[in-house]
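Here is what each chain is made of, one letter per residue.
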Amino acid sequence: MKVCIYGAGAVGCFLAGRLAKGGAEVSAVARGNTLEGIRANGIRIETPDYSYETMIKVSEKPEDLGEQDYVVVTVKSPALPEIVDGLAKLIGPKTKVVFVMNGIPWWFFYDYGGDLAGRRLEKLDPGGKLWSAVGPERVIGGILFCSCDLLKPGHVHAETAGPNLYLGEPSGEETDSIATFADAVRGDTLGVKIVPDIRTTIWSKIQLNMSSGLLGCLSNCPPQNLYSNAACRDVVRKIVNEAGAIAKALGCETGVDADQLIERTKNQGHRSSIVQDLDAGRPMEIDPTFAIPLEMARMTGVETPTLDFLLCLVKARAQRIGSYPAD
């Protein structure tokens, strides 16, 4: 089985290592220092339970890697428009494209049903290029619950013991394609679950990422430095509950309890990737993680005063340093 990773950052390298360990023929599209580092030293993953090293084929030219059975897209959302042409060169008639990314995906309203069915999200897919070049019918949605840091190109440290990858077709079907991919990536301590409603799982992670991301961007701290404070815990509850109300209005009721989320993450020393991007002055995933969910609140008539205020502050800080475009 041929699998290409498009986006060889922390999550991409973690999945590349897991797939290679599971027997897949893995390659990656990369450039610059990442390309040279992986070409010279391969992939190395370190988890609380095991380490694994492997060499994989890597190129900055997708056409060098050829048609794939699966392409796993793990780039940050701001980079999606740049990779459309490259993705097309990896896709054959039966290729499935697995998007393992944070936040609301560009295909969210495909095969959705109701008044919002088929709605396009222009901020996430400008001009509908992904919709046309990839096609939402090829999509497998993926959500990884694992805190990962890239120590150097190709070398990833996973903090989470017992991470989980959730996979789902937009239609909710359990197809042969999704089952085959799940079997290939599953193993060691990585749990892989095929879910009938991947959108609900997406929203459950948005509730987590909004909590750590919004407060983290304003404080540059991980949850362990924030959640011991009663005022912060109260804001986290408001974040979780407002995001949960949007999800429920969209038919994606998550059942996430704010106090349980706080208890589960209060000792987390890992700063969210969006916080690290802001700290480094890189483009940020503000749209899929924060802004598009609030657009959905307006679509469904849900009031979100806490989220509106916090996003205003985060956007102002990000715009000031050039990590997010001016309104």
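Look up: the structure comes first, before these words.
Definitions and cut-offs
- Residues numbered from 1 in each chain as written.
- Predicted model: local features only at pLDDT ≥ 70, side-chain atom pairs only at ≥ 80, totals over all residues.
- Heavy atoms only, no water.
- Axes fitted to C-alpha atoms, helices over the stretch in contact; angles between N-to-C directions.
- Helix = DSSP H or I, 4+ residues; strand = E, 2+ residues; numbered from the N terminus.
- Parallel < 35°, antiparallel > 145°, perpendicular 65-115°, else oblique.
- Left-handed = near helix turned anticlockwise from the far one by under 90°.
- Contact = heavy atoms within 4.5 Å.
- Buried < 20%, exposed > 50% of the residue type's maximum accessible area, 1.4 Å probe, protein only.
- Pairing = 2+ DSSP bridges.
- Right-handed = clockwise from strand over helix to strand, strands pointing away.
- Core = buried A, V, L, I, M, F, W, Y, C linked by side-chain atoms within 4.5 Å.
- Phe/Tyr/Trp six-rings, centres within 6.5 Å; stacked < 30°, edge-to-face > 60°.
- Lys NZ or Arg CZ within 6 Å of the ring centre and 35° of its normal.
- Arc of directions from axis to C-beta.

With respect to the packing of helix 6 (residues 198–219) against helix 11 (residues 305–321)
It is at 9 Å that the axes of helix 6 and helix 11 come closest, and there the two elements cross at 45 degrees. Comparing their axes, helix 11 and helix 6 come out oblique. Helix-helix and strand crossings are classified by hand; for helix 6 and helix 11 the assignment is left-handed. For the pair formed by helix 6 and helix 11, the contact residues are Met210, Leu214, Cys217 and Leu218 on the first element and Leu307, Leu310, Leu311, Leu313, Val314 and Arg317 on the second.

So, the pairing of strand 7 (residues 91–100)
Among the 10 residues that make up strand 7, eight are buried, leaving the element largely enclosed by the rest of the structure. Note: strand 6 (residues 68–73) against strand 7, five bridges, orientation parallel. Following the sheet pairing, Val72 is matched in strand 7 by Val98. At this point the chain moves from strand 6, through helix 3 (residues 80–88), to the parallel strand 7, and the crossover so formed is right-handed.

Let's talk about the sheet that holds strand 10 (residues 155–158)
Neighbouring strands of a sheet are bound in pairs by backbone hydrogen bonds; such pairs are parallel or else antiparallel. Judged by pairing direction, the sheet is mixed, and its four strands sit side by side in the order 4-3-10-9 without closing on themselves. Of all strands in the sheet, those bounded by a partner on one side alone are strand 4 (51–54) and strand 9 (148–152). The mean angle between the axes of side-by-side strands here comes to 20 degrees, regardless of whether they run parallel or antiparallel. In this sheet, strand 4 lies alongside strand 3 (residues 43–46) in antiparallel orientation, the contact comprising four bridges. Its bridge partner being in strand 4, Glu46 is matched across the sheet by Ser51.

Notes on the side chain of Thr306
Tracing the chain through its elements places Thr306 in helix 11. Relative accessible area serves as the criterion here: at 17%, Thr306 is assigned to the buried category. Not counting residues up to four positions away in its chain, the partners in contact with Thr306 are Val235, Lys238, Ile239 and Glu242.

As for the sheet that holds strand 11 (residues 164–168)
The strand order across the open sheet built from eight strands is 5-2-1-6-7-8-11-12, with neighbouring strands paired in mixed fashion. Among the strands making up the open sheet, the edge pair consists of strand 5 (57–59) and strand 12 (191–194). Each neighbouring strand pair of the sheet contributes to a mean axis angle of 25 degrees, computed without reference to strand direction. For strand 1 (residues 2–6) and strand 2 (residues 25–29), the ladder comprises five bridges, and the chain directions are parallel.

Regarding the nonpolar core
Ranked by internal contacts, the top residues of the largest apolar core, which has 72 residues, are Val73, Phe99, Ile104, Trp203, Ile286 and Met296. Per-element accounting of this core gives the leading share, nine residues, to helix 6. Leave out the neighbours within four places in its chain, and Ile286 touches Ile274, Ala291, Leu311, Val314, Lys315, Ala318 and Tyr324.

Here's the deal with the packing of aromatic side chains
Following the criterion strictly, the structure yields eight aromatic pairs and no others. Aromatic pair Tyr70 and Phe181: ring centres 5.3 Å apart, planes at 45 degrees, arrangement tilted. Placement of the pair is Tyr70 in strand 6 and Phe181 in helix 5 (residues 176–185), with a sequence separation of 111 residues. The residues Tyr70 and Phe181 share a single accessibility class, namely buried. Look at Phe145 and Tyr166: their rings are 5.6 Å apart centre to centre, the planes differ by 85 degrees, and that puts the pair in the edge-to-face class. Linking Phe145 in strand 8 (residues 139–145) with Tyr166 in strand 11, this pair joins segments that are 21 residues apart in sequence. The rings of Phe99, Trp106, Tyr110 and Trp131 are connected pair by pair, giving a single aromatic cluster. Positioned above the aromatic ring of Trp131, the side-chain terminus of Arg120 is 4.1 Å from the ring centre.

Here's the deal with helix 9 (residues 273–280)
All buried positions along helix 9 are accounted for by Ile274, Val275, Asp277 and Leu278. Down the axis, helix 9 shows its buried residues gathered within 160 degrees of arc, on one side only. For helix 9, the elements touching its buried residues are helix 6, helix 10 (286–300) and helix 11. A positive phi of about 75 degrees marks Gly281, the residue just after helix 9.

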